Amino acid sequence: MEDGDPPKLREIDVRGFRRRLGPILDVYAAAMDPPIDQLPGRYAIMERHTTYPRFRALVAESRRPFLRGGAIQGFAYGFHGTPGQWWHDVVHHALDEAGGAGHAAEWLSDSFEVAELHVDPAHQGRGLGRALLTTLCADRPERTVVLSTLDRRPETRARRLYRSVGMVDLLADFEFPGGGPRYAVMGARLPLTDSPHGPDDH
C-alpha cells in the first residue's frame, strides 16, 4: 500500500466473515506467529465465534487487492459475552476471585468481548488497529468492552493502544487454563474515549 492510498474498513456479516476466514487466519498467523499446528484449531474457534450473540466483524481491505500482502490487511471481531462461553467463564471466575461477585458482574454482566484484533506486520504503524478498534466498538449497546492481550515487558504496542482509549487492567500476569503466555485482561466503559495522539495499532 502506498501512502495516500489507505485501506477501506468494511463491516462484514457472518457469511462474509466465514468466506474470508482463510485470509483472515493468514493475518492472524503473520501477527501472532503461532505454532503452525495450532492454526486449524484457531480456524475452528473463529468459526464457532460467529454463532455467538451480536457478532460483529470488520476487515481492513486494500483498495488494490493485487498489492503484496493480499486484500486483507487487518481484522477485528467481537460479540456479546454470555455465560457458557469459555473466555467469559474463565475471566468471570478470575474477577470474582480477585474482587468478588459484584466486581465480576460490573465488568461482564453486559459486555462486548473483543475476541481478536490483528494487523498484518507489513501494515502496522498506520492507524489500522486504532481504526478497527474504535469502529468495532462504536454504537455498541453493551455497557463495557473487555479483551485480553499479551502481558509483556516492555509493553506491547497493542496494550498501549488499549490504554489510550480508556482501557484499564482488570487482571495482569494472568495465565489461562492450559498454560501458555501471560495475558492482561483489560476493560473500559463504553463508549470508548479515543485519543488521537496515542499509539495507533499493533
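For the structure, see preceding data.
No experiment lies behind these values; they were computed from the predicted model shown.

Criteria and cut-off values
- Residues numbered from 1 in each chain as written.
- Predicted model: local features only at pLDDT ≥ 70, side-chain atom pairs only at ≥ 80, totals over all residues.
- Heavy atoms only, no water.
- Helix = DSSP H or I, 4+ residues; strand = E, 2+ residues; numbered from the N terminus.
- Buried < 20%, exposed > 50% of the residue type's maximum accessible area, 1.4 Å probe, protein only.
- Contact = heavy atoms within 4.5 Å.
- Areas by Shrake-Rupley, 256 points an atom, 1.4 Å probe, with all protein chains shown as cover.
- Pairing = 2+ DSSP bridges.
- Right-handed = clockwise from strand over helix to strand, strands pointing away.
- 1 Å grid on protein atoms, 1.4 Å probe; cavity = no way out; pocket = protein on both sides within 12 Å on 5 of 7 lines; lining within 4 Å.
- Points joined across faces, edges and corners; volume = space filled by probe spheres on them.
- Core = buried A, V, L, I, M, F, W, Y, C linked by side-chain atoms within 4.5 Å.

Caption draft 1: Seen up close, the overall build of the protein chain. A tally of helices and strands in the protein chain yields seven helices and seven strands. For the protein chain, the N- to C-terminal ordering of α and β elements is β-α-α-α-β-β-α-α-β-α-β-α-β-β. The buried share of the protein chain, reckoned over its 202 residues, is 47%. In the protein chain, 72% of the contacts between residues at least 6 apart in sequence involve partners at least 24 apart. When the accessible surface of the protein chain is split by element, carbon and sulfur atoms take 51% of a total near 9800 Å².

Caption draft 2: Broad picture of unusual backbone geometry. With an omega of -5°, the peptide bond running from R153 to P154 counts as cis. Examined against the element boundaries, P154 turns out to sit in the loop between β5 (144-150) and α7 (157-164). Of note, the amide linkage connecting L190 to P191 takes the cis form, showing an omega dihedral of 5°. Tracing the backbone shows P191 in the segment after β7 (183-189). Phi at R54 takes a positive value of approximately 55°, unusual for a residue other than glycine. In this fold, R54 is placed in the loop between α3 (39-49) and β2 (56-61). Since its relative accessible area comes to 44%, R54 is described here as partly exposed. Non-glycine residue D139 carries a positive phi angle of around 60°. As for its position among the elements, D139 is in the loop between α6 (128-137) and β5. Residue D139 is classed as exposed on the basis of its relative accessible area of 79%.

Caption draft 3: How the structure looks around the pairing of β5. The buried count for β5 comes to six of seven residues, which makes it a mostly enclosed element. The pairing of strand β4 (residues 111-119) with β5 spans three bridges and is classified as parallel. Paired with F112 across the strands is V145, a residue of β5. With respect to chirality, the unit in which β4 leads through α6 into the neighbouring parallel β5 is right-handed. Here seven bridges tie β5 to β7, and the two strands are oriented antiparallel to one another. From the neighbouring strand, V146 faces β7, where its bridge partner is G187.

Caption draft 4: The layout of surface pockets, seen in detail. In this structure, the largest pocket spans a volume of roughly 1300 Å³. Y28, M32, R42, E116 and Y183 are the residues nearest the centre of the largest pocket, which is lined by 41 residues in total. Listing elements by their share of the lining of the largest pocket, those giving two or more residues are α2 (21-32), α3, α4 (86-99), β4, β5 and α7. If you tally residues by element for the lining of the largest pocket, the top one is β4, at six residues.

Caption draft 5: Representation of the nonpolar core within the structure. Ranked by internal contacts, the top residues of the largest apolar core, which has 24 residues, are V114, L133, C137, V145, Y162, M167 and L192. Of all the secondary-structure elements, those providing two or more residues to this core are β2, β4, α6, β5, α7 and β7. The leading source of residues in this core is α6, at five residues. Core analysis: the next-biggest nonpolar cluster, separate from the first, contains 17 residues, L25, F55, I72 and Y77 among them.

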